[in-house]
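A closer look at the structure
What follows is each chain in one-letter form.
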Protein chains: 2
Amino acid sequence: MRNFQNDTKALALNTATLGHNLPGYGAGWEAEKLVDACAERGFGGITFWSQELQTRAHAIGNYTRSAGLDVCGLCRTPYLTGSDAGSDDAVLQSIELAAELGADVLTIVTGGTHPGTKGLVDSQNHLAERLQNIAPIAEQHGVKLALEPLNPMFGGNRTCLMTVEDALNICKKVGSENLGIAIDVYHVWWDTRLGETLQNIPPTQIFGYHLCDWLENTTDMLLDRGMMGDGVADLLAIRRMVEMAGYQGYCEVEIFSERHWWREDPNLVLDTIVERYRNYC
Amino acid sequence: MRNFQNDTKALALNTATLGHNLPGYGAGWEAEKLVDACAERGFGGITFWSQELQTRAHAIGNYTRSAGLDVCGLCRTPYLTGSDAGSDDAVLQSIELAAELGADVLTIVTGGTHPGTKGLVDSQNHLAERLQNIAPIAEQHGVKLALEPLNPMFGGNRTCLMTVEDALNICKKVGSENLGIAIDVYHVWWDTRLGETLQNIPPTQIFGYHLCDWLENTTDMLLDRGMMGDGVADLLAIRRMVEMAGYQGYCEVEIFSERHWWREDPNLVLDTIVERYRNYC
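All figures in this text were calculated on a predicted structure; none of them were measured in a lab. (Residues numbered from 1 in each chain as written. Chains lettered and ligands numbered in written order. Predicted model: local features only at pLDDT ≥ 70, side-chain atom pairs only at ≥ 80, totals over all residues.)

A few words now on the overall build of chain A. Helix and strand counts for chain A come out as nine helices and eight strands. Computed over its C-alpha atoms, the radius of gyration of chain A comes to 18 Å, within 12% of the 19 Å expected for a compact globule of 281 residues. Counting only C-alpha atoms and orienting by the principal axes, one finds that chain A spans roughly 45 × 40 × 35 Å. For chain A, buried positions account for 53% of its 281 residues. Look at the contacts in chain A between residues 6 or more apart in sequence, and 78% of them connect residues 24 or more apart. (Helix = DSSP H or I, 4+ residues; strand = E, 2+ residues; numbered from the N terminus. Rg over C-alpha atoms; globule rule 2.2 N^0.38 Å. Buried ≥ 20, exposed ≤ 12 C-beta atoms within 10 Å, placed from the backbone. Contact = placed C-beta atoms within 7 Å.)

Attention now goes to the interface of chain A and chain B. In many reports, interface size means the accessible area that the parts give up when they come together. Contacts between chain A and chain B engage 27 residues on the former and 27 residues on the latter. The residue inventory of the side of chain A that touches chain B, partitioned by class, reads 12 nonpolar, 11 polar and four charged. (Nonpolar A, V, L, I, M, F, W, Y, C, P; charged D, E, K, R; others polar.)

What follows covers helix H1 (residues 31-40) of chain A. All names here are of chain A. Within the span of H1, buried status applies to Ala31, Leu34, Val35 and Cys38. One side of H1 carries all its buried residues, which in axial view fall inside an arc of 100°. Considering only its buried residues, H1 is in contact with strand E1 (11-14), strand E2 (45-49), helix H2 (57-66) and helix H9 (266-280). Directly after H1, the chain includes Gly42, whose backbone phi takes a positive value near 80°. (Arc of directions from axis to C-beta.)

Of the transformation placing chain A onto chain B, the axial shift is 0.0 Å and the rotation is 180°, giving an RMSD of 0.0 Å. In symmetry terms, the pair is related by a two-fold rotation axis. It is Met153(A) whose C-alpha, among those of chain A, lies nearest the rotation axis, at 2.7 Å. A share of 100% of the interface residues of chain A reappears at the interface of chain B, consistent with the copies meeting face to face through the same patch. (Least-squares fit on C-alpha atoms with pLDDT ≥ 70 in both.)

Looking now at the sheet that holds strand E7 (residues 206-211) of chain A. All names here are of chain A. As summarised here, the arrangement of the eight strands in space is E1-E2-E3-E4-E5-E6-E7-E8, forming a closed barrel in which the pairing is parallel. Strand-to-strand, the axes of this sheet are offset by a mean angle of 30°, without reference to chain direction. As paired elements, strand E3 (residues 70-75) and strand E4 (residues 105-108) share three bridges and run parallel to each other. By the bridge assignment for E4, Cys75 is matched with Thr107. (Pairing = 2+ DSSP bridges. Axes fitted to C-alpha atoms, helices over the stretch in contact; angles between N-to-C directions.)

Next up on the list: the sheet that holds strand E5 (residues 144-147) of chain B. Residues and elements named next belong to chain B. Pairing within the closed barrel is parallel, and its eight strands lie in the order E1-E2-E3-E4-E5-E6-E7-E8. Strand-to-strand twist of the sheet, defined as the mean angle between neighbouring strand axes without regard to direction, takes the value 30°. Set on the sheet, helix H3 (residues 88-101) makes contact with strand E2 (45-49), strand E3 (70-75) and strand E4 (105-108); between it and E3 the angle comes to about 165°.

All names here are of chain A. Buried within H2 we find Ala57, Ile60, Gly61 and Thr64. Along H2, the residues classed as buried sweep out an arc of 100° about the axis, all on the same side. Gly68, located one to two residues past H2, shows a positive phi value of around 90°.

One finds Ile181(A) and Ile181(B) to be the most contacted residues of the largest nonpolar core, which totals 183 residues. Not counting residues up to four positions away in its chain, the partners in contact with Ile181(B) are Ala146(B), Leu147(B), Val164(B), Ala167(B), Leu168(B), Cys171(B), Gln205(B), Ile206(B) and Phe207(B). (Core = buried A, V, L, I, M, F, W, Y, C linked by C-beta atoms within 7 Å.)

Residue and element names in this part refer to chain A. The omega angle of the peptide bond from Cys75 to Arg76 is -10°, so this bond is cis rather than trans. Here Arg76 lies in the loop between E3 and helix H3 (88-101). Phi is positive for Gln54, which is not a glycine, with a value near 50°. We note that Asn200 has phi near 65°; this positive angle belongs to a residue other than glycine. Positionally, Asn200 belongs in the loop between helix H7 (194-198) and E7.

Turning to the confidence of the model for chain A, a few remarks are in order. When pLDDT is averaged across chain A, the result is 95; 96% of the residues are at 70 or more. Overall fold confidence (pTM) sits at 0.96, and the ipTM for the predicted complex is 0.95. (pLDDT = per-residue confidence, 0-100.)

In structure tokens form, the structure reads like this:
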């Protein structure tokens, strides 16, 4: 346990944690109600998902800022590799949406293995090529891009970056200061090389840090994440590594939990986040 | 595709591939029928699972050898770490069973995170301590022990070794020539550092090499493995790395496939394995 109380100003909510406020999960809150609830608890930022914004990106962004919170992120671009890769137009639309919302960072989940290829090398090369075109466009829109490596269980159809090292290698290849990485404890908690990987990286390379926990008995790859403290990830050790690598941004809570937290009252979820953040992160 | 035809003598069957011959999967073959079917097709070896042997380990081992096949392995010891770790007695029993069967190698899936701890460091230390006691006992019984790292999706309750590097580090700590590793493409295909990890290891460190494929759209962590050639793993590249590291043993096919291959006629499964092995591995 940390020997000081974390300031909730460094805490951000990823709206996936409340089941995207979809009907059937939580209370189906409007974005504004969600912003108010986070502001009341002293959160510093919110990350939204594209499908929650509809045509209201500009209004929701302004409302968030007027409540004293940053819009720290938007999830996410279409896939850039794999069978379900999006077009350049679709990627541009996601960048424009992030700009309209006023989000600092647009997250990239890369997509899977490039059609007709095996392994990861060709897919990663293809990814780097696309990013060389996309990164300058995002920069012109004032939006940073964060590559998020995923747990290797998402290989095949969701990611071609399995480790922070994989993601950093792509950043090096692309060579744009507008491209960095997002580190999510769910995806990296198992990586015994993480500390070594994060040594001597540029101090501004990490654009996001995502919190949840890895449950000892995970029942679903995608939708069974745990609340901080309920699992086996060494959250304090990972945060130490991330901060030693220069990260000073938000601790963004992102919990996909179909069987548990998505079914709770959002007020309880937010209160639990604050308590767990103070004591376990 | 390889420019030569693989010799099926280097091919081994892991009986999990036929659903352990359990009633309801395949034809529910007796061990002897399975051995005959492998011998007819020129397989060089078979790996059994403990639960298939009941009290017939000695007889099944002898039958296998009399048919001209090696018993290359037995799966597996109880877990050594985690909430479900087995007792020293249970571990000894699995070693004795392997000796009775005449198996060259007894596989170890380590088990998950040590109770009351976070992350992997404590669990890996605990694992190394137990192995320091177990390895000499196995050696006295003429049974080699192979640590099998698992895909990180099995962290928490099944493994505390996520990469080949993790497993090699434990081997170094334990320092017994009777302890090596098993490399399964399902667990390692995503690891972009695999080639580097396998450079300069002792040439006899790899005790097993397991084949299947990683399906682009994997629907179940445990039971949705693909047949070689049907997925996105770069099987040729991985085999090259493994052989360059000194491995000269069997290519052991181990496919858990509840929705597909376990429901097929075992003869078709075995014929498919031979064809895919010749062309894709």
